[in-house]
Structures are given as C-alpha cells and as structure tokens.
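Next come the chains, spelled out residue by residue.
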Amino acid sequence: MDTLSALYQQFDPLRPLEVEESDLYVDWQRQCGPEDIKKRLANSIAYTGSIPVTRLFTGHRGVGKTTELKRVKHELENRTPRRFVSLLQAADWVDLGDVQPPDLVLHIVRQLVTDLKDAGFGLGWTKFIQFFAEIKDILSTEVELKNLKVGGPVEFGIAIKDVPGARGKLRKLLEDRLPTIYDLINKEVLRPAREWLTESGYDDLVVIVDQLDRIPQKVLHTSLTNHENLFLDNAGTLRALNCHMLFTIPIELAYSRCRGRLGDVYGSQILTLPVIPVTDRGRKDFSPGLDAMRKIAGVRAARAGVTAGFFEDDALLDQFCRLSGGHVRSLFILLRSAIERSDTLPLTRAVAERTIRRAAADLVLPLQKPDWEVLREVHQTKEKPQDPARADIWHGLLRDLFVFGYEDDAGIWYDWNPLLGAMGDPV
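From a predicted model like this one, the values you see are computed outputs, not experimental measurements.

1. Digging into the packing of helix 14 (residues 314-323) against helix 16 (residues 349-364)
- Put simply, helix 14 and helix 16 touch, their axes get as near as 11 Å, and they point 10° apart. One finds that helix 14 runs roughly parallel with respect to helix 16. Along the contact surface, helix 14 presents Leu316, Gln319, Phe320 and Leu323, while helix 16 presents Arg349, Ala352, Thr355 and Ile356.
- Here the residues of the contact of helix 14 with helix 16 are counted per class, giving five nonpolar, two polar and one charged.

As structure tokens, then:
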C-alpha cells in the first residue's frame, strides 16, 4: 500500500477505536480534563454493588463516545470485582428515525441473552426462543403478517426495522407482552445468570446501549419531542431490567430544559464527553488540548509510516487542529480532504488553504440570518442564548455541529465551530 493510501485510511472519521488499538488511543481527558468521564462511568457502576443504577451519557457526534464506551466495557470486565457487560450498537438493529420503546427493549434483551449464550450461559436464549413461539403462532394466523419470515427474535426485530408497513402490528404484539418479557428476563434469566456468572468469576452484569444519541429530534405534538417521549415518558420501560444500564442520549435533549427531569427520573447526573478544548474561554490557545490533537494526528500518521514531513510546515497541522475546534471527527475530515487533493507528501500550504476555504464555504451554506445572530451571541458570550424563542435554533446548531460544547472547572461553555470564522464573520 502506498503512503498516501495508508495515511488516508488511518483518518477514517467513522471508525471507533477498538480497545486493542492502544497505540492509537490518546487519553486526552487525563491531559486536559477537567475529569475522566470513562472513569466516572465505570466507578458509578462498580461502586453501587448489586443495586442497579442507570447512567445517561452524551456528547456531540464524532467526539469519541463509542471509543470511550468500549473502554468502559473493558474496564468493568477486567477490574475487581468483574462485571459481565452486554453492548448493543442500536443503529445496527433499529431504525433510529422511528425508534419506539418496544423494539428497543426487544433488542436490548436479545443482545443480552445472545451475549450470555456466547459466554456459555444458554438458558436465557432458550427461554427467550420459547417465549417467541407464541408470537410466531400469532404471525402465522395474521393475514397481513403471515408472509413475514419470522422464526425468532432476530428476524422479528429485523422485520420491524425493514418492513415499515408492518411496524404498527409488530410493535403492538411486543408492547402487549413487554411485562411478560421483563418478568421472564428478571425472574427466569437474570437470577440463574447471576449464579452462573458468580461461578465464572463475575460479580454482576451491565447493559450498555450505544448510538441512541443519533436519534433525530421530531416534534410529536404541541411541544413534546420524540426524545422526551422515549427517555422521559418511557423511562420506566427502559429501566425495567433488573441490572445496571447505560444509555447514550441526544445532546440536544441532555442540554435542554429536560436536563433536571432526566437526572431526577434516572437518579443520576448526565455525564458528557466534551469536545477537546483547543482554546480557552478567552480565545487563547489551550496548550494541553492542542497537544492532544497533534498527538491524535501524529500517532495515526506514524501507523501509516509517516513520522515526519506530513505537512510542509508544522504550523499547518496546528491550523487544522484549531479549525477543527477540538472535534476529532472534524479534524479527520479536514485531513482526508487535504490528502485527497494531494499526489505526494508533504501536504503543501496551497492544499491546506484550499481545503480550509472549501470546508468553511460548505459549512456556512445552510445558515440563515437568525442562525448567524445566535452564533455570534454564542461566540461572544460563550453561553447558550438567553432568549427562549431561540431555543429551537440553538438546539439545531448544537446538534448539527455549528456549536461545540466544552467543559472546564467552571462548568460547560460553548463556542461556534471555528470554521465559521475562517473566512471572516459575514455581516
């Protein structure tokens, strides 16, 4: 493989790091804090013993939540006492544009009993399959559904995701049986599973549900959103399993007026993985954050065999790091765009400037005057807008990465995506 191809592939913006890739992992939270979120997540579960706790975890898309959750899983599985961890990547199994509690619960349970079976405890899977025999019989008699090939919970879940016309009936079948599913799992699966896990050296079990932060926000009626409906109105459904739970949630919900209610309903503080601060609130370079971003780029370049001569001037990499705002995925997209424009290394100043101009121009395309008014206010004050009438604009800008959220010892602060100012603030 040639060097440019190897370099390009190392900056894949959509691939989370595996735990085994420790040479590529930069533990920036230890360098520029204010605290280590994965440590808090792991400790909050480990310290509660056998009393189930539910944690909510959020952050911008592309900041590394999945990478951190895989490390939380590894930590819980390897610390003393050990926890058995089942991790569901929700986007693989549910339509995030139309996710409802019944199909989410189905796949949480399916993933848990599958992971237990793969570890050697097959009773849970056997019980779950027996339960689905009843649903299979019902499907065979329903005229509108009898042509669906549903042999068990996996096929049933795929049908909900892939056959929109059948979703209502399939969900109704599940919803009517949710109490039975929970009773089955809590009494007939989790109890013997814990005994088996104890014999296998585990103290308890944990379910992590990732990628729910990707659920797009919709207004269902009046001011109720689908986010509020799922995570607040159906909190009891999501928490009904008698085990530790960890959910990712959309950042616009976590930073909304519902924040206090979420903490009250789930009994714990929402934890956020912030964007890496490359500047401070006063817009001065924040050296620990810049160092972390340089290192993130450097270790991947070294994996591709590039230890020197990445850019013709090291200041260009610093410029990319600043303009990414400390958002790792944005940095990778910028670097890939520059590599695409090049036939050889080092990457030149002309290529870097062309990449930045085009990225900035593309970013501002959808923005309207009200958006710019909010963005300028955030850039000046480092706070969310105070006008309630601008709440919808604010949440959209936060969700769509026009605004980044940071944390320091004083709390959460915000700034616009630095690319917005790369070509000058439009009047």
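Once you've had a look at it, read on.
2. Let's talk about the nonpolar core
- In terms of nonpolar packing, the biggest core is built from 139 residues, with Phe156, Phe231 and Leu262 touching the most fellow members.
- A total of twelve residues in this core trace back to one element, the largest contributor, which is helix 8 (residues 167-199).
- Setting aside anything within four residues of it in sequence, one finds Phe231 in contact with Leu212, Ile215, Leu238, Thr248, Ile249, Pro250, Leu253, Leu262 and Tyr266.

3. Points about the confidence of the model for the protein chain
- Scored by pLDDT, the protein chain comes out at a mean of 91, with 96% of its residues at no less than 70.
- Model confidence for the protein chain, summarised as mean pLDDT per element, is weakest for helix 7 (residues 153-162) at 81 and strongest for helix 15 (residues 328-340) at 98.

4. Looking at the sheet that holds strand 6 (residues 244-248)
- The strand order across the open sheet built from five strands is 2-3-6-1-7, with neighbouring strands paired in parallel fashion. Where the open sheet ends on each side, the last strands, each with one partner, are strand 2 (82-89) and strand 7 (271-272).
- Of the strands in this sheet, strand 2, strand 3 (202-210) and strand 6 are in contact with helix 5 (residues 101-119), which crosses strand 2 at around 130°.

5. Digging into unusual backbone geometry
- Cis geometry marks the peptide bond from Thr80 to Pro81; its omega dihedral reads -5°.
- The residue Pro81 is located in the loop between helix 4 (65-78) and strand 2 in this model.
- Although it is not a glycine, Lys382 adopts a positive phi angle of roughly 65°.
- Mapping Lys382 onto the fold places it in the loop between helix 17 (369-381) and helix 18 (391-399).

6. A short note on the side chain of Asp371
- Along the polypeptide, Asp371 turns up in helix 17.
- At 2.8 Å, the side chain of Asp371 and the backbone nitrogen of Gln368 are in polar contact.
- The contacts of Asp371, once residues within four sequence positions are left out, are Pro366, Ile393 and Leu397.

7. Some points on the layout of surface pockets
- As a volume, the largest pocket reaches approximately 470 Å³.
- Surrounding the largest pocket, 29 residues form its lining, Gly62, Val63, Gly64, Thr67 and Val328 being those nearest its centre.
- Looking at the lining of the largest pocket, the elements that each hand over two or more residues are helix 4, helix 13 (287-303) and helix 15.
- Classifying every residue of the lining of the largest pocket gives 14 nonpolar, five polar and ten charged.

8. Some details on the environment of Gln89
- Inspection of the secondary structure puts Gln89 in strand 2.
- With relative accessibility at 16%, the residue Gln89 sits in the buried group.
- Sequence-distant contacts of Gln89, that is, excluding residues within four places in its chain, are made with Thr66, Lys70, Asp210 and Gln211.

9. Quick look at the pairing of strand 8 (residues 403-408)
- Here strand 8 lies mainly inside the structure; five of its six residues are buried.
- Once strand 8 ends, the chain turns through two residues before running back antiparallel as strand 9 (residues 411-416).

10. Some words on the pairing of strand 3
- Most of strand 3 sits out of view: eight of its nine residues are buried.
- Sheet analysis places strand 3 next to strand 6, joined by four bridges and oriented parallel. Counted as the bridge partner of Ile208 is Leu246 from strand 6.

What counts and how
- Residues numbered from 1 in each chain as written.
- Predicted model: local features only at pLDDT ≥ 70, side-chain atom pairs only at ≥ 80, totals over all residues.
- Heavy atoms only, no water.
- Axes fitted to C-alpha atoms, helices over the stretch in contact; angles between N-to-C directions.
- Helix = DSSP H or I, 4+ residues; strand = E, 2+ residues; numbered from the N terminus.
- Parallel < 35°, antiparallel > 145°, perpendicular 65-115°, else oblique.
- Contact = heavy atoms within 4.5 Å.
- Nonpolar A, V, L, I, M, F, W, Y, C, P; charged D, E, K, R; others polar.
- Core = buried A, V, L, I, M, F, W, Y, C linked by side-chain atoms within 4.5 Å.
- Buried < 20%, exposed > 50% of the residue type's maximum accessible area, 1.4 Å probe, protein only.
- pLDDT = per-residue confidence, 0-100.
- Pairing = 2+ DSSP bridges.
- Polar contact = N/O pair within 3.5 Å; in protein donor to acceptor, adjacent residues only side chain to side chain.
- 1 Å grid on protein atoms, 1.4 Å probe; cavity = no way out; pocket = protein on both sides within 12 Å on 5 of 7 lines; lining within 4 Å.
- Points joined across faces, edges and corners; volume = space filled by probe spheres on them.

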